[in-house]
Amino acid sequence: MKRCVYFALLLLLLAGISPAAAQEQKGAIEGIITDASGAVLPGVTVNVRSAAGTIMTVTTDGNGVYRFASLPPGEYQVEATLSGFTPRTMERVDVRLGQIKKVDFSLAVGNVSESVQVSAESPLIDVRQAERSTHLTAEDIARLPKGRDFSSIVTHAPGANDEARLGGLSIDGASAGENRYIIDGAEATDLRMGVQGKQLVVDFVDEVQVKSSGYTAEYGGAMGGVVNVVTKSGTNDFQGDLGMYFTNDALQSASYADGSGNFVRSRSLRLNPSNASVAEYVDYKSDEFTQWDPGFTLGGPILRDSLWFFTSYQPQLRTTDRDVTFTSTGDAQVFTRKDTQHFSSNNVRFQAANRLTGRVAFNASGGSREGLLPSVSGSDNPDANYAIDRKTPNYTYSANADYVVNQKLLLGFRTGYYTVDAHDEGVFQGTRVSFGNTTNIGLPGVPAELQRPTGFTNTPSNNEVTRDRRTRWNASADATYYAAFGGQHTFKGGVQFDRIGNDVLSGETGNLVTIFWDQAQDGVRGKYGYYMVRSNRPFPDRGFITEGNIHSTNVGLYVQDAWTINNRLTLNLGVRTENEKVPSYTTAEGVAATAMEFSFGDKLAPRAGFAYDITGDGRWKLSGSWGLFYDFFKLELPRGSFGGDKWLQYWYTLDTPDWTSIDPSGCPTSCPGTLFRGPVDFRHPSNAADANTIDPDLDPMRVQKLDFALEHQMTSSVAVGVRYAHNQVDKAIEDVGALDAQQNEIYKIANPGFGTAAQFGVAGSGLVLALPKAVRDYDSVEFSLTKRYARNWSARVSYMWSRLHGNYSGLSQSDENGRTSPNVGRMFDYPLMAFNETGQPEYGPLGTDRPHQFKAQFAYTAPFGTAIGLNQMVESGVPVTREARFIPGNNFPVQYLGRGSDGRTDVFSQTDLHLQHEFRLLGRQRLTVLMNVLNLFDQDAGINKFSTQTASGQALSVSESEFYQGIDTQALIAAQGLVLDPRFLLDSAFQNPRTIRFGAKWSF
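Quick caveat: nothing in here was measured; it's all calculated off a predicted structure. (Residues numbered from 1 in each chain as written. Predicted model: local features only at pLDDT ≥ 70, side-chain atom pairs only at ≥ 80, totals over all residues. Heavy atoms only, no water.)

(A) Just the overall build of the chain, in detail. Along its length, the chain carries 6 helices and 61 strands. For the chain, the spread of C-alpha atoms along the three principal axes comes to 105 × 70 × 50 Å. Counting every position in the chain, which comprises 1004 residues, the buried fraction comes to 59%. In the chain, the share of contacts with a sequence separation of at least 24, taken over all contacts with a separation of at least 6, comes to 72%. Surface summary for the chain: the accessible area is close to 37,300 Å², and the carbon and sulfur share equals 56%. (Helix = DSSP H or I, 4+ residues; strand = E, 2+ residues; numbered from the N terminus. Buried < 20%, exposed > 50% of the residue type's maximum accessible area, 1.4 Å probe, protein only. Contact = heavy atoms within 4.5 Å. Areas by Shrake-Rupley, 256 points an atom, 1.4 Å probe, with all protein chains shown as cover.)

Shown next, in the form of structure tokens:
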């Protein structure tokens, strides 16, 4: 068997070398030229020209085939000439990233001085490939409503949604941690979480490509979609612009900045500050802010027709002021936060004759934050230090080149480097005290001077990032060979070296003390309640910390063929594999630097697809694809489970009302009260010698995708289509938990439902049950209409029916309100959480299941220069599933009545508007003024509900053997007198407020 694997790898290496991420930076035009009788014509000269200065020439081979295999995205003029025949020209052939546009010519005998233009026949449909992708060009972006970052337009693609409950972008039901982001050929996916790791302002973007399914074997690591972004390049004309954008609080509905600096609606659900048994809605006072975005772009030739440059810079300058009245003292103060982000995009593009093309690019999006804002509720400490700053450098560098050896062989070379870091200054050094969701106001025996509201903390943060530098360097090359036997073949194959690193030291500068006033834990409490102390080792020391310095090198290989038969049917066949090493963060003696490794044989991923040109004229296309897709491991699990994170926790009775006397430096022996539980190790390394909890037969995470599509080009500018897609998780990797005799949470890294995690023993009994497998099944049917921009207007309309069902949302956790923690979600932290109160495994609609989705974008430019762009979205609300906490001390959330137990949130609808007017000045100069409005009608649908029934610190006490036999949760809650959370099933989050932004730009 080993010999077979080694032989297969050798064949892959001989096939060529190429990127695992396949940093696609080009498109292609190809076709067949015949005479009037249909006979092929060899020796025809074919030229392509673009406004950007690209000029290339080839001749047809003995089969009448011509090919331009490496073209920058854009519109092209294609001209075919042969002595004795009338030349033919096709205008406006639109080539997008990864597309192969089929342009066939039939030449008639005639005068060479004549010419026939066939601009109306420029194809809309790529009939050579099976992949499903959406292309958004710079022209689309300019005309339509959007935010400042490119991600704001990705959701224009059908099936792509920004899901807060999944931590970001969801494509075809996959979670936010399962996509790949590529900017100018450099991987820009966050190494830790798998989400978007870099911002890029839309003014710099030339094209955004969203691949959702059918992508070929050269793509690895994406189980959701691939978002590929290419920035603007210079042309043969010097062009640029100078502009400014502006917005402030007067142009926005009532809102305030959350902890990340994003503005959310002022209306909030909270517990009453002086009575935690009462829930209330409050409209907090809006923050005052101003934001300026000045900037410029400039591009042009260094050497005409061969070397071009592009450079740009746009800082984002925001100042936010918050007027806070502190509830503990009644004092009013104004606090200021300043956010500065520096966006820059720069590149040089070159073309040497017809053979060598390439690009070198640099993109920056780093920034800084000066100051923190206290809570809008005023529950914080008025004497705390809020002058806490953070710096976040973020850069990508990339270079690529394609060399046409001859008409049959194309070589490509790629390299990219991505780095991001963080550093805090001014963080409080010492212990942080938090009241959580409890208060001591009015509690007998507590002096008035010690009473504080619900949510009080003595300091906004004691969490300090000293460094968290994440790097990725990849180098790759590809070889493409064109052959003709049994049809036309495009063979491609290669290897990629991917070097990742993380040097981190961050965490709490002192311990964390969380007080639960007037509550009990597992029936134990002091006179005033109980409290928890978090540390990373025996006292005294810091609290939760993460530290380590790791590097790992991974290799990817693939080979594939696009086989076109009779110029109508194209088969996309291929296979890829990777060798992946997952690093360890612990340096303990006897622990290897590599915690887990997947061999080439573990990650064989076959892909197959077809595209059929039904009528042979490029107007009807039937396509389908199937493939296996494996994850590239993110660093969140290694940091948490392989020695990076350190977290011990202790529980004490609260016997004194003087919370200021709780000094962890004397713990564990002299902390006030009685230690009744702990220490519990929440981060015991799963790869430590005394643990050995990694399944030796662990398989990589795998998703299977299947889709079929039918597309029809109705006119030269209008196409319609229908598509069916099915995605399913075959195997997941999660930390599967159990409790030892000391109640420590011990995790094994396994595939839930397989291997060592196939079954579990029920605590306190001899019962053994099957652990549910991780299930996520997605099905959708999509209808779409696309009209490209012609006669001053364009449109894109889609309706999708979909179903997202199972028990596992993926690498981001919709059951945890958008927590993004790849491979370490809570679902399998303890078996109890995968079952309902009848003792049965729980499957149902997942947290972002939206059966109906309608999207429409429309753009129109009036002859007098005014343009309007509209974006409309209407989609079903998401399921609401109630939970209760079980097992005191562990507080495991259990969806005891099943998924979707309490209906859905409101239907979500939003209209966005973009208006602009262009004034013509001297020559090519233009002055453009614009207004961009997100959520035009200020709709405020509830987008989430508070789903936990039991109050913080409250959990049902029940034997697990009884639980799996079936229980009545509501009866047990009443019998045990548990405190309920008054926010239960109330709207807890709302649609983002209306935002208006004005801008002006001088173009030359």
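(B) Inspection of the packing of aromatic side chains at higher detail. Counted by the stated rule, this structure contains 32 aromatic pairs. Taken together, a centroid distance of 5.2 Å and an interplanar angle of 85° make the contact between Phe963 and Tyr964 edge-to-face. Tyr964 sits in the buried class, given a relative accessible area of 8%. It is Lys787 that lies over the ring of Trp793; its NZ or CZ is 4.3 Å from the centre. (Phe/Tyr/Trp six-rings, centres within 6.5 Å; stacked < 30°, edge-to-face > 60°. Lys NZ or Arg CZ within 6 Å of the ring centre and 35° of its normal.)

(C) Here's a closer look at the side chain of Asp561. Residue position: Asp561 is located in strand 36 (residues 545-565). In this structure the side chain of Asp561 is engaged in a polar contact, spanning 2.8 Å, whose partner is the side chain of His489. Those residues in contact with Asp561, other than ones at most four positions away along the chain, are His489, Thr490, Phe491, Leu571, Asn572 and Leu573. (Polar contact = N/O pair within 3.5 Å; in protein donor to acceptor, adjacent residues only side chain to side chain.)

(D) Representation of the state of the cysteines. Considering all chains together, one arrives at 1 disulfide under this definition. One disulfide bridge connects Cys667 with Cys671, the sulfur atoms lying 1.5 Å from each other. Of the residues examined, Cys671 reaches a relative accessible area of 6% and is grouped as buried. (Disulfide = S-S within 2.5 Å.)

(E) Inspection of the pairing of strand 28 (residues 394-406) at higher detail. Pairing geometry for strand 25 (residues 356-364) and strand 28, over 9 bridges, is antiparallel. In the sheet register, Thr357 faces strand 28, and the bridge partner there is Asp402. The loop that links strand 28 with its antiparallel partner strand 29 (residues 409-420) comprises 2 residues. (Pairing = 2+ DSSP bridges.)

(F) Spotlight on the sheet that holds strand 10 (residues 132-137). Spatially, 5 strands are ordered 10-15-16-13-14 in an open sheet, and the strand pairing comes out mixed. Single-partner strands in this sheet number two, and they are strand 10 and strand 14 (186-187). Note that strand 10 and strand 15 (residues 205-213) share 6 bridges and pair antiparallel. Residue pairing in the sheet places Thr134 in a bridge with Val210 of strand 15.

(G) Just the pattern of salt bridges, in detail. As enumerated under the stated definition, the model contains 59 salt bridges in all. When the shortest N-O distance is used, the salt bridge between Arg49 and Glu79 registers 3.5 Å. On the criterion of sequence distance, the pair formed by Arg49 in strand 2 (residues 45-50) and Glu79 in strand 5 (residues 74-81) is long-range, its members being 30 residues apart. Looking at Arg49, the relative accessible area reads 35%, which means it is partly exposed. Note that Asp402 and Arg414 form a salt bridge whose closest N and O atoms lie 3.2 Å from each other. Here the residue Asp402 occupies a position in strand 28, and Arg414 occupies one in strand 29, the gap between them amounting to 12 residues. We classify Asp402 as buried; its relative accessible area is 4%. (Salt bridge = Lys/Arg side-chain N within 4 Å of Asp/Glu carboxyl O.)

(H) Summary view of the confidence of the model for the chain. Looking at the chain, the pLDDT average stands at 90 and 95% of residues meet or exceed 70. Mean pLDDT per element in the chain: helix 1 (residues 2-15) is the minimum at 38, and strand 52 (residues 844-845) is the maximum at 98. Scored below 50 in pLDDT, residues 1-22 shows 56 contacts in the model against residues more than four places distant or in partner chains. (pLDDT = per-residue confidence, 0-100.)

(I) Representation of the sheet that holds strand 42 (residues 648-654) in the model. Here we have 5 strands laid out as an open sheet, ordered 31-34-35-42-43, and mixed in their pairing. Looking at strand neighbours, the two that pair on one side only are strand 31 (432-434) and strand 43 (675-681), the edges of this open sheet. Taken over all neighbouring pairs, the strand axes of this sheet differ in orientation by 15° on average, direction set aside. Pairing between strand 42 and strand 43: 4 bridges, direction antiparallel. From the neighbouring strand, Trp651 faces strand 43, where its bridge partner is Arg677. (Axes fitted to C-alpha atoms, helices over the stretch in contact; angles between N-to-C directions.)

(J) Focus on the side chain of Ser255. Along the chain, the position of Ser255 falls in strand 18 (residues 255-257). Apart from residues no more than four positions distant in its own chain, Ser255 is found in contact with Phe263, Val264, Arg265, Ser266, Ser286, Asp287 and Pro993.

(K) Representation of unusual backbone geometry. Omega for the peptide link from Gly678 to Pro679 comes to 5°, which places this bond in the cis form. Within the fold, Pro679 resides in strand 43. The phi angle at Arg92 is positive, at roughly 50°, despite the residue not being glycine. Inspection of the secondary structure puts Arg92 in strand 6 (residues 88-95). The class of Arg92 is partly exposed, set by a relative accessible area of 41%. Its identity as a non-glycine residue notwithstanding, Asp518 has a phi of 60°, on the positive side. Note on placement: Asp518 falls in the loop between strand 34 (512-517) and strand 35 (529-535).

(L) Region of interest: a nonpolar patch on the surface. Together, Trp620, Leu622, Leu710, Val722, Phe783, Leu785, Val797, Tyr799, Trp801, Phe854, Val874 and Val907 line one region of the surface with nonpolar side chains, adding up to about 920 Å² of accessible area. Looking at the nonpolar patch, the elements with two or more residues in it are strand 40 (620-630), strand 50 (776-790) and strand 51 (793-806). Sort the elements by how many residues they give to the nonpolar patch and strand 51 lands first, with 3 residues. Take Val722: it is sitting in strand 45 (residues 718-731). What makes Val722 partly exposed here is its relative accessible area of 31%. (Patch = residues over 30% accessible without salt bridge, like charges linked within 9 Å, V, L, I, M, F, W, Y side chains within 5 Å.)

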